[in-house]
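Notes for the structure review
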Amino acid sequence: MKFLNGLDRFIGAVCGVTMAIMMLLVLQQVLFRYVLKIPSPATQEIAIYCMVYVAMLGSVLAIRHKTHVAVNFVVDRLPPRFASAVRIISYLIVIAFFVILFWQGCKLTQRATFQHSTTTGITVAYIMVSIPISAVLSIIFTLEHLVHEIRGLGRGSTDSTESADAADTTEPAADADTEQLPLTHPDRMTANEEENPM
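Residues numbered from 1 in each chain as written. Predicted model: local features only at pLDDT ≥ 70, side-chain atom pairs only at ≥ 80, totals over all residues. Heavy atoms only, no water.

1. So, the nonpolar core
Proteins that are soluble and globular tend to have nonpolar side chains buried together. Counting residues in hydrophobic clusters, the biggest one holds 13 residues, and the most contacted among them are Ile-11, Leu-137 and Phe-141. Ignoring sequence-local partners within four residues, the contact set of Ile-11 consists of Leu-57, Val-60, Leu-61, Leu-137 and Phe-141. (Core = buried A, V, L, I, M, F, W, Y, C linked by side-chain atoms within 4.5 Å. Buried < 20%, exposed > 50% of the residue type's maximum accessible area, 1.4 Å probe, protein only. Contact = heavy atoms within 4.5 Å.)

Right, dumping it as structure tokens:
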């Protein structure tokens, strides 16, 4: 858990730094193009690359914090055990999707190794590698949610059985206590009889 929390903070820091660089490059491009009348196509291309990494790593953070768009109208109305089963199946589907994305991303990165940008000369593989990196990180965080959901499902079943057993053992005790309670106090009855003799 500490490793995953540290990884989450590291990805957030990388996204923040990359977004700051992208904003500075865009401001520099606007200044050079519209004020100094000197276009700078290289900064535009680097800003686009920064945006790609912010989008890919930001999607990883969205998976960790469960902020992706989800339709849970039906799941929220299911019993807890069925809802947990549906979430487990959805996590498995998500993991399968990211495995395919990782495999295809590796192929794209390999094909883009010998391709270079026309403006900056940067190898396109440096941009394509963001796809398998984000896929691996997404698989790690989805596995975290999957393990947590499975543990919660098992804990819920044990808690329900323990609560049922506790209810069975406490009900007779409550009945016994109610049977032993007298309806009226004998001393009060005698006091009332002495004050109000027939």
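Read on, since the account is not over.
2. A look at the side chain of Arg-64
Mapped onto the secondary structure, Arg-64 falls in helix 2 (residues 41-64). Overall, the relative accessible area of 12% leaves Arg-64 in the buried class. (Helix = DSSP H or I, 4+ residues; strand = E, 2+ residues; numbered from the N terminus.)

3. Points about the confidence of the model for the chain
Scored by pLDDT, the chain has a mean of 82; 78% of the residues are at 70 or more. Per-element confidence in the chain ranges from a low mean pLDDT of 48 for helix 6 (residues 186-195) to a high of 94 for helix 3 (residues 80-111). Below a pLDDT of 50 lies the segment residues 160-181, which in the model reaches zero contacts outside its immediate sequence neighbourhood of four places, other chains included. (pLDDT = per-residue confidence, 0-100.)

4. Thoughts on helix 2
For helix 2, which comprises 24 residues, the first-to-last C-alpha distance of 35 Å matches the rise-based estimate of 34 Å (1.5 Å per residue) to within 8%. Looking only at helix 2, the buried set comprises Thr-43, Glu-45, Ala-47, Tyr-49, Cys-50, Val-54, Leu-57, Val-60, Leu-61, Ala-62, Ile-63 and Arg-64. (Expected span 1.5 Å × (residues − 1).)

5. Considering the packing of aromatic side chains
A complete count under the given rule lists one aromatic pair for this structure. For the pair Phe-97 and Phe-98, a centre-to-centre distance of 5.3 Å together with 65° between the ring planes defines the contact as edge-to-face. (Phe/Tyr/Trp six-rings, centres within 6.5 Å; stacked < 30°, edge-to-face > 60°.)

6. As for the pattern of salt bridges
The full count for this structure, using the stated rule, is two salt bridges. Here Glu-144 and Arg-64 are joined by a salt bridge, their closest N and O atoms 2.8 Å apart. Of this pair, Glu-144 sits in helix 5 (residues 130-180) while Arg-64 sits in helix 2, and the two are 80 residues apart along the sequence. On the accessibility criterion, Glu-144 (14% relative accessible area) is buried. A salt bridge links Glu-149 to Arg-87; the shortest N-O distance between them is 3.1 Å. Highlighted residues: Glu-149 in helix 5 and Arg-87 in helix 3, separated in sequence by 62 residues. For Glu-149, a relative accessible area of 10% puts it in the buried group. (Salt bridge = Lys/Arg side-chain N within 4 Å of Asp/Glu carboxyl O.)

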